[in-house]
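Coordinates in review
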Amino acid sequence: MAFHPREKLIVALDYPSLAPALAMARQLEGLAGCFKIGSQLFAAEGPRALEKLARIGGIFLDLKFHDIPNTVAGAVRAAADLPGVRFLDLHTLGGLEPMRAAVEAIRARKSPPQLLGVTILTSHDEQSLRRVGLAGKAAANALRLAKLAKLAGLDGVVASAQEVRPIRRACGPDFLLVVPGIRPASAGLQDQVRVATPSEAIRAGADYLVVGRPITGAPAPASAAAAIVAEIQQALARG
Ligand code: C5P
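Residues numbered from 1 in each chain as written. Predicted model: local features only at pLDDT ≥ 70, side-chain atom pairs only at ≥ 80, totals over all residues. Heavy atoms only, no water.

Topic: unusual backbone geometry
Note: most residues except glycine have negative phi, and most peptide bonds are trans. Although it is not a glycine, K64 sits at a positive phi angle of roughly 45°. Counting through the fold element by element, K64 comes out in strand 3 (residues 58-65). (Helix = DSSP H or I, 4+ residues; strand = E, 2+ residues; numbered from the N terminus.)

Rendered as structure tokens:
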């Protein structure tokens, strides 16, 4: 579990190159627990991005691996060797075996990164899920996949705020719940569908919030981050 409320904030640095990502990270130094490097920045800059950003904060390397067990294991091993990596993720929809292979790949390490399973992307709604053959509500699918991730031995999952309570109930207090799709009451939705405010997500039981554009696209990113941390603190105090 995280301690200071800012430790619960993970800022998504979705940039096409290192220079703007570094500039943003420098503005936010000390205001967030981690920076999230996703496939856009990693495809453009590779491990160099981690070498630079890990000097400013911890890293969530969000590459959402989705492949056969042997390939996922190799990718997780290589990713865990990169500087500053505290969190790594893979798709739970890849199935039990790739998740087990990922756990096994880093089991022997002294301080391995936390392995997270992506359940259902927060940009999905029921109609878009039906199109890929997943019947039922996003929440029911996310819960089923979270249980599978727990069975595989992952440390937690990435899920939307709406799914946090049932997953917490089913998977227990130590299972990490990392929640993107966070939109402060004043922000727009952009391409996210299943969203929540920071305090809704924290009160539901989220351990970490992933916030991108509401901070990085704000006129004053440091103030936007500080306001979200204050909201997290208040929600924690209210229990
Ligand atoms: O800018 P915004 O706050 O929407 O950024 C959310 C971040 O969380 C993005 O980097 C996106 O890739 C990531 N993410 C998500 N839904 C998931 C997993 C990760 O939106 N299920």
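Some remarks on the pattern of salt bridges
When the charged atoms of two side chains lie near each other, side chains of opposite charge can form a pair. Taken as a whole, this structure holds 9 salt bridges when the rule is applied. Among the salt bridges present, the one from D62 reaches K64, with a minimum N-O distance of 2.9 Å. For K64, a relative accessible area of 28% translates into the label partly exposed. Between D81 and R109 there is a salt bridge, and its shortest N-O distance comes to 2.7 Å. One end of the pair, D81, is in the loop between helix 4 (69-80) and strand 4 (85-91); the other, R109, is in the loop between helix 5 (96-106) and strand 5 (114-118), and 28 residues separate them in sequence. We classify D81 as exposed; its relative accessible area is 56%. One salt-bridge network, held together by shared partners, links K36, D62 and K64. (Salt bridge = Lys/Arg side-chain N within 4 Å of Asp/Glu carboxyl O. Buried < 20%, exposed > 50% of the residue type's maximum accessible area, 1.4 Å probe, protein only.)

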